[in-house]
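# A structural walkthrough
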Amino acid sequence: MSTEQPAVTVRPAVSFAVASNEELERPYRVIVQNDDVTPMDFVVIVLRVFFGLDLARAEQVMLTAHYEGRALVTVLPLQEAQERVYQAHHAAREAGYPLTFYLEPDEQ
């Protein structure tokens, strides 16, 4: 019986998207989507911690999303928006909630 390990080569599939500086600086709207699982208090905390909203604004955004299905959180450059959304999603998943944010180009 051989104790030699077989040679294994792993080639991960990686794709890269190249964005221009103009595209990276272009403003994007961060949108929070309502769900029926994430507690309102948790949404307010995430909005305050990761997006820097004050308490009154965070509650207003949370309630707008609750009643209208989605709400504008803030407008940021693409990279910053992506990073904050990633951090918010990570915190929500760690807590076991499906809280979701997404980005839209700001047309203004």
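In what follows, the structure referred to is the one given above.
Residues numbered from 1 in each chain as written. Predicted model: local features only at pLDDT ≥ 70, side-chain atom pairs only at ≥ 80, totals over all residues. Heavy atoms only, no water.

Quick look at helix H2 (residues 40-51) now. Between its terminal C-alpha atoms H2 stretches 16 Å, which fits the 16 Å expected from 12 residues at 1.5 Å a residue. Among all positions in H2, only Phe42, Val43, Val44, Val46, Leu47 and Phe51 are buried. Taken together, the buried residues of H2 touch strand S1 (27-33), helix H3 (55-68), strand S2 (70-77), helix H4 (78-94) and strand S3 (100-105). One or two residues past the end of H2 sits Gly52, with phi positive at roughly 70°. (Helix = DSSP H or I, 4+ residues; strand = E, 2+ residues; numbered from the N terminus. Expected span 1.5 Å × (residues − 1). Buried < 20%, exposed > 50% of the residue type's maximum accessible area, 1.4 Å probe, protein only. Contact = heavy atoms within 4.5 Å.)

For the structure shown, the criterion picks out 2 aromatic pairs. When the ring of Phe42 is compared with that of Tyr97, the centres are 4.9 Å apart and the planes differ by 55°; the resulting orientation is tilted. Separated by 55 residues along the polypeptide, Phe42 in helix H2 and Tyr97 in the loop between H4 and S3 bring together distant segments of the chain. On the basis of relative accessible area, Phe42 is assigned to the buried category, the value being 16%. Note on Phe51 and Phe101: the rings are 5.0 Å apart at their centroids and 40° apart in plane angle, and the pair reads as tilted. Taken together, the positions of Phe51 in helix H2 and Phe101 in strand S3 put the pair 50 residues apart, joining distant regions of the chain. Just as Phe51 is buried, Phe101 falls in that class too. (Phe/Tyr/Trp six-rings, centres within 6.5 Å; stacked < 30°, edge-to-face > 60°.)

Okay, a nonpolar patch on the surface next. On the surface, Met40, Leu63 and Tyr67 cluster together into a nonpolar patch covering about 330 Å² of accessible area. Tracing the backbone shows Tyr67 in helix H3. (Patch = residues over 30% accessible without salt bridge, like charges linked within 9 Å, V, L, I, M, F, W, Y side chains within 5 Å. Areas by Shrake-Rupley, 256 points an atom, 1.4 Å probe, with all protein chains shown as cover. Salt bridge = Lys/Arg side-chain N within 4 Å of Asp/Glu carboxyl O.)

Turning our attention to the pattern of salt bridges. Applying the stated criterion across every chain, the model contains 3 salt bridges. One salt bridge in this structure joins Glu104 and Arg29, with 3.5 Å as the shortest N-O distance. Of this pair, Glu104 sits in strand S3 while Arg29 sits in strand S1; the two residues are 75 residues apart in sequence, bridging distant segments of the chain. Classification of Glu104 as partly exposed rests on a relative accessible area of 22%. Given a relative accessible area of 22%, Arg29 falls into the partly exposed group.

Generally speaking, nonpolar side chains in soluble globular proteins are found buried as a group. Counting residues in each nonpolar core, the largest one holds 22 residues, and the members touching the most others are Val30, Val32, Leu47, Phe51, Val73, Leu99 and Phe101. Ranked by the residues each element gives to this core, the list is headed by H2, at 6 residues. Filtering out sequence-adjacent residues up to four positions away, Val32 remains in contact with Val61, Ala65, Gly69, Arg70, Ala71, Val73, Leu99, Thr100 and Phe101. (Core = buried A, V, L, I, M, F, W, Y, C linked by side-chain atoms within 4.5 Å.)

The next point concerns the pairing of S1. It is a general feature of regular strands that their side chains alternate between the two faces of the sheet. Direction of pairing for S1 relative to S2: antiparallel, over a ladder of 7 bridges. Its bridge partner lying in S2, Tyr28 is registered against Leu76. As paired strands, S1 and S3 are joined by 6 bridges and run antiparallel to one another. Bridge assignment links Gln33 to a residue of S3, and that residue is Thr100. (Pairing = 2+ DSSP bridges.)

As far as function goes, none of this settles anything; it's purely spatial.
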